[in-house]
Amino acid sequence: MNLNRASLITFSIVILLCALNATPALTEAKIVALKDTTIIQFESAGTLRPKLVSSSPTEFKLNINCQLSNLELSPKGLIKDIKAQKDSVQTTLTFFLKKPCNWYARSTPSGYEVCIFPQNVTKIKTIVLDPGHGGIDPGAISKSGIKEKNVNLAIAKLLKKKLEKAGLKVFMTRDQDEFVPLALRTQFANNKNADLFISLHCNASASNKYASGFETYFLSEARTDLERAALMRENEALKYEKDKKNLDADLDLVLADLLQTEQLKESYNLALAIQTAAVNILKDTDRGVKQAGFYVLRGCFMPAVLVECGFLSNRVQARQLNDPKYQNKIAEAIYQGIINYIKDYESRYGL
Ligand SMILES: [Zn+2]
């Protein structure tokens, strides 16, 4: 055993002993009901390390690493009922809520708190379509010269008509060949109070000219190399923007916003619905639902997905993507996916 390893083991044992000894003393627990927020506050002498486990929008569990022997918490505000389970090392509290809620937890100078506020669950009425690229930013270009920006716009226009026919309100981030900065696209959707945000794109592969198929992304950190490649390509549009510094500051703010967890789940559900419909209707290669940190999907305060309709780098697929009939088929597939998602969403929330 070398010295480094020995000291690492000693260090780990010390950490372990500290962790075992550091059962924090809880000095106070209370529930504060404000106008539309309910806060559960814990004050402690040591560091509390609660684990928040949600099981549904109307119920969540909190595991706390100490015994709450004299705990007396009575339901208040959005909390309907509380159940406590205690063992020798920890306490598990289950909170039952009066209606579907979002929550976030954070450490405070004197302990820990969980803020609960109602989910604004309403019917899905407004959709923002975002035809990717435009103006000076052509996006991907096929060998024969087909530009992604034009295909995206054509599909978006067809999709808009279908959604409007179904009674939905649809806005487009651009309806002509113009450059729209990425941050403005999400800002536009937020300003329109959109319920869903769909960014439309076409794919390209530098390494495989036979790559083809349909894929749908929802926001997250990119995981695989292929996902990273797609991410870099779509984020390229940032190079056309001058004020990058400010954009990144906004991005951090948004990423810090834990409220997005719930939207992430819905974004995934929407992505899955679109991908499933696309595979059924297009009978094209199923490239699946993927996660990536596309800039355009960040900063959206609503479920958001990015659709890659096919590969412009593939000669056969490029021809298809430029064909109004195939564009209509793609629009139909995305439309079906959105409608299926809305039906599922509304039945889950009893709307
Ligand atoms: Zn694109």
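Look above for the structure.
Residues numbered from 1 in each chain as written. Predicted model: local features only at pLDDT ≥ 70, side-chain atom pairs only at ≥ 80, totals over all residues.

Colleague: Outline unusual backbone geometry, listing residues and values.
Modeller: Phi is positive for Asn193, close to 55°, though the residue is something other than glycine. Note on placement: Asn193 falls in the loop between α3 (182-191) and β11 (196-203). The backbone of Lys283 sits at a positive phi, close to 50°, despite the residue not being glycine. Position of Lys283 relative to the elements: it lies in the loop between α6 (260-282) and β13 (286-292). (Helix = DSSP H or I, 4+ residues; strand = E, 2+ residues; numbered from the N terminus.)

Colleague: Any details on the nonpolar core? Residues and values, ideally.
Modeller: Counting residues in hydrophobic clusters, the biggest one holds 58 residues, and the most contacted among them are Ile155, Leu196, Ile274, Val305 and Ile334. Here this core gets nine residues from one element, more than from any other, and that element is helix α8 (residues 324-348). (Core = buried A, V, L, I, M, F, W, Y, C linked by C-beta atoms within 7 Å. Buried ≥ 20, exposed ≤ 12 C-beta atoms within 10 Å, placed from the backbone.)

Colleague: Explain the sheet that holds strand β14 (residues 304-311) to me, and be specific about the residues and the numbers.
Modeller: The six strands are arranged β10-β9-β11-β14-β12-β13 in an open sheet whose pairing can be described as mixed. Either end of the sheet is taken by a strand with one partner, and the two such strands are β10 (169-172) and β13. Between one strand axis and the next, the sheet turns by 20° as a mean value, whatever way the strands run. As judged from the four bridges shared by strand β9 (residues 126-131) and β10, these two strands associate in the parallel manner. Bridge pairing links Val128 to Phe171 in β10. (Pairing = 2+ DSSP bridges. Axes fitted to C-alpha atoms, helices over the stretch in contact; angles between N-to-C directions.)

Colleague: How would you sum up the sheet that holds strand β7 (residues 101-108)? Please name residues and give values.
Modeller: Backbone hydrogen bonds hold the strands of a sheet together, and the pairing may be parallel or antiparallel. A sheet is described by the order of its strands in space; here four strands give the open sequence β1-β2-β8-β7, paired in antiparallel fashion. Strands at the two margins of the open sheet, each flanked by one partner only, are β1 (26-33) and β7. The mean angle between the axes of side-by-side strands here comes to 10°, regardless of whether they run parallel or antiparallel. Of the strand pairs in this sheet, strand β2 (residues 38-44) and strand β8 (residues 111-118) are connected by six bridges, and their pairing is antiparallel. Bridge pairing links Phe42 to Tyr112 in β8.

Colleague: How would you explain the environment of Phe117 if you had to name every residue and give the values?
Modeller: Among the structural elements, Phe117 can be located in strand β8. With 18 C-beta atoms packed within 10 Å, Phe117 lands in the partly exposed category. In sequence terms Phe117 and Ile39 are 78 residues apart; their C-alpha atoms lie 8.8 Å from each other. Not counting residues up to four positions away in its chain, the partners in contact with Phe117 are Asp36, Thr37, Cys101 and Asn102. (Contact = placed C-beta atoms within 7 Å.)

Colleague: Describe the packing of helix α2 (residues 148-165) against α8, listing the residues and the values that go with them.
Modeller: Relative to each other, α2 and α8 sit at 50°, their axes nearing to 8 Å. Judged by the angle between their axes, α2 and α8 are oblique. The crossing of α2 and α8 is right-handed. Here Val151, Ala154, Ile155, Leu158, Leu159, Lys162 and Leu163 of α2 come into contact with α8, specifically with Gln327, Asn328, Ile330, Ala331, Glu332, Ile334, Tyr335 and Ile338. For the contact of α2 with α8, the residue count by class is eleven nonpolar, two polar and two charged. (Parallel < 35°, antiparallel > 145°, perpendicular 65-115°, else oblique. Left-handed = near helix turned anticlockwise from the far one by under 90°. Nonpolar A, V, L, I, M, F, W, Y, C, P; charged D, E, K, R; others polar.)

Colleague: Can you explain α3? Please cite residues and give values.
Modeller: Within the sequence span of α3, burial applies to Leu182, Ala183, Arg185, Thr186 and Ala189. Looking straight down α3, one finds that the buried residues subtend no more than 160° of arc, so they occupy a single side. One or two residues past the end of α3 sits Asn193, with phi positive at roughly 55°. (Arc of directions from axis to C-beta.)

Note that every value here comes from positions in space, so none of it alone points to a role or purpose.
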